[in-house]
Amino acid sequence: MTDTSIKIGDSDYPVLSGTVGPDVIDIRKLYAKSGMFTYDPGFTSTASCESALTYIDGDQGVLLHRGYPIGELAEHSSFMEVSYLLLNGELPSGDELDKFSYTISRHTMLHEQLAQFYRGFRRDAHPMAVMCGVVGALSAFYHDSTDISDPQQRMIASHRLIAKMPTIAAMAYKYSVGQPFVYPKNDLSYAGNFLRMTFGVPAEEYEVNPAVERAMDRIFILHADHEQNASTSTVRLAGSSGANPFACIAAGIACLWGPAHGGANEAALNMLREIGTPDRIPEYIARAKDKNDPFRLMGFGHRVYKNYDPRATVMQKTVREVFDALNVSDPLFETALRLEEIALSDDYFIEKKLFPNVDFYSGVILSAIGFPTTMFTVLFALARTVGWVAQWNEMISDPEQKIGRPRQLYTGPTERHYVPIAER
Ligand code: ACO
């Protein structure tokens, strides 16, 4: 894996190569050899781990899961198949996929007592607050899958998390609108079951619309994993201490909630609503460019993609499919298309390489399907759970794994002595 080295000060440091992507300087011995740390807020130049799950080339707009391009997976695969791929490394055979889907469908129910947790929340609680609480609480219910040194228990916990997340998310929604919880129905697909638990009511049969089911499944695929982003790094960091997987995923959900990460789809749709009509776009573009205005175009820009986010391309296409299937239209979609067009021809956005990201169009589709904006990040968390558990499993199985412990550049006072309060 290494045949070159680089000199820093008086010492040589190995240069490691992955299968594709930039080489990395192995600085694990830097402090021992030089007495210095590296300084990299936001980890913009730091590889925190070795991983074989997902590869992104941000300049080219490439996203691969286990080598397969996201566009091909979104077009031809299903979320269950992508989940199997992420967890196991290879696409499943027909039998393997049937067995995996069966296993997931058999873990969809929640311990009945967990339903009481919901009642402890205010009805107007943000569903992400409910998700953080209920997912964290799973640790208190599934003790037989919290021994992280046992690969079998790790796999059961992973299956439970993937299977229960749609149930937990749908219940968060039902609670917020005051409707009864709908139990899972295991002969439905993963996406179909989620739609029924969310939009179905006990008073009548719920028919899953196949086009919406397919769009939902594709949205899940597009959010399944995204290498070492903030929430995934949070899951890895929490897991590095040996914390149980349910607690780690709750930590990931908390991180995902922020508007610079998973909360951006909610923020993007709110922004489109605020802009309202295409004639107001220039005003908002001017604000986004104004250094003295904190406003940013939500759904634009990405830490890694300095090109069109490949997920945004699929998402834009999916909006049209959903609109056709539901025979609806939304003027906000026209505003979004126009905003994209204007921004992409503006020097500010061109120079800074700011392109639409996955969140720019997802809000428009989710709102057409019937989800309130507060549920958008919940759907992201639901789908990303497979990535989180796959990354967490990879980390626990890695012999190089250590507890995460970044260092710092200390700029506070040097040692001084306590002064009694009367003398201050
Ligand atoms: N609108 C206007 N200007 C922007 C935007 C934007 N959306 N994004 C970045 N910029 C500008 C910054 O002001 C900065 O300008 P400067 O160099 O003159 O100071 C420059 O572009 C670089 O921005 P950074 O914040 O340093 O870039 P970084 O890579 O750290 O940030 C981020 C990426 C947080 C996603 C940022 O682009 C952003 O805030 N976008 C809006 C929120 C969003 O859509 N988040 C979703 C991310 S995707 C996801 O989580 C699934």
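## Looking at the site of the ligand
Lining the immediate environment of the ligand, one finds 21 residues, of which K291, R296, L297, G299 and R303 sit closest. A distance of 2.8 Å separates an oxygen atom of the ligand from a polar backbone atom of G299. Within the side chain of N357, one N or O atom sits 3.0 Å away from an oxygen atom of the ligand. Relative to its unbound accessible surface of 920 Å², the ligand loses 75% to contact with the protein. Taken together, the residues of the shell around the ligand break down into ten nonpolar, five polar and six charged.

## Re the packing of aromatic side chains
According to the stated counting rule, one finds 19 aromatic pairs in the structure shown. On the basis of an interplanar angle of 40° and a centroid distance of 6.1 Å, the ring pair of Y142 and F246 is categorised as tilted. A residue pair is termed long-range when its members are at least 10 positions apart, and Y142 in the loop between helix 6 (127–137) and helix 7 (151–177) and F246 in helix 11 (residues 245–256) qualify at 104 residues. Each of the two residues, Y142 as well as F246, counts as buried. The interplanar angle of 10° and the centroid separation of 6.0 Å between the aromatic rings of F194 and F371 together place this pair among those described as stacked. With a gap of 177 residues between them, F194 in helix 8 (residues 190–199) and F371 in the loop between helix 17 (359–369) and helix 18 (376–397) connect regions that are remote in the sequence. Residue F194 is classed as buried on the basis of its relative accessible area of 0%. F371 gets classed as buried once you look at its relative accessible area, which sits at 3%. Site record: aromatic cluster; members linked through ring pairs are F79, Y173, Y190, F194, F199, F220 and F371. Above the ring of Y13, the side-chain terminus of K33 is found at 4.9 Å from the ring centroid.

## Things to note about the packing of helix 3 (residues 79–88) against helix 4 (residues 94–105)
The interhelical angle for the contact between helix 3 and helix 4, taken along N-to-C directions, is 100°, at an axis separation of 10 Å. As judged from the angle between their axes, helix 3 and helix 4 are roughly perpendicular. Contact residues: helix 3 offers M80, E81, S83, Y84 and L87, while helix 4 offers E96, L97, F100, S101 and I104. Here the residues of the contact of helix 3 with helix 4 are counted per class, giving six nonpolar, two polar and two charged.

Basis of the calculations
Residues numbered from 1 in each chain as written. Predicted model: local features only at pLDDT ≥ 70, side-chain atom pairs only at ≥ 80, totals over all residues. Heavy atoms only, no water. Near = heavy atom within 4 Å. Polar contact = N/O pair within 3.5 Å; in protein donor to acceptor, adjacent residues only side chain to side chain. Areas by Shrake-Rupley, 256 points an atom, 1.4 Å probe, with all protein chains shown as cover. Nonpolar A, V, L, I, M, F, W, Y, C, P; charged D, E, K, R; others polar. Phe/Tyr/Trp six-rings, centres within 6.5 Å; stacked < 30°, edge-to-face > 60°. Helix = DSSP H or I, 4+ residues; strand = E, 2+ residues; numbered from the N terminus. Buried < 20%, exposed > 50% of the residue type's maximum accessible area, 1.4 Å probe, protein only. Lys NZ or Arg CZ within 6 Å of the ring centre and 35° of its normal. Axes fitted to C-alpha atoms, helices over the stretch in contact; angles between N-to-C directions. Parallel < 35°, antiparallel > 145°, perpendicular 65-115°, else oblique. Contact = heavy atoms within 4.5 Å.

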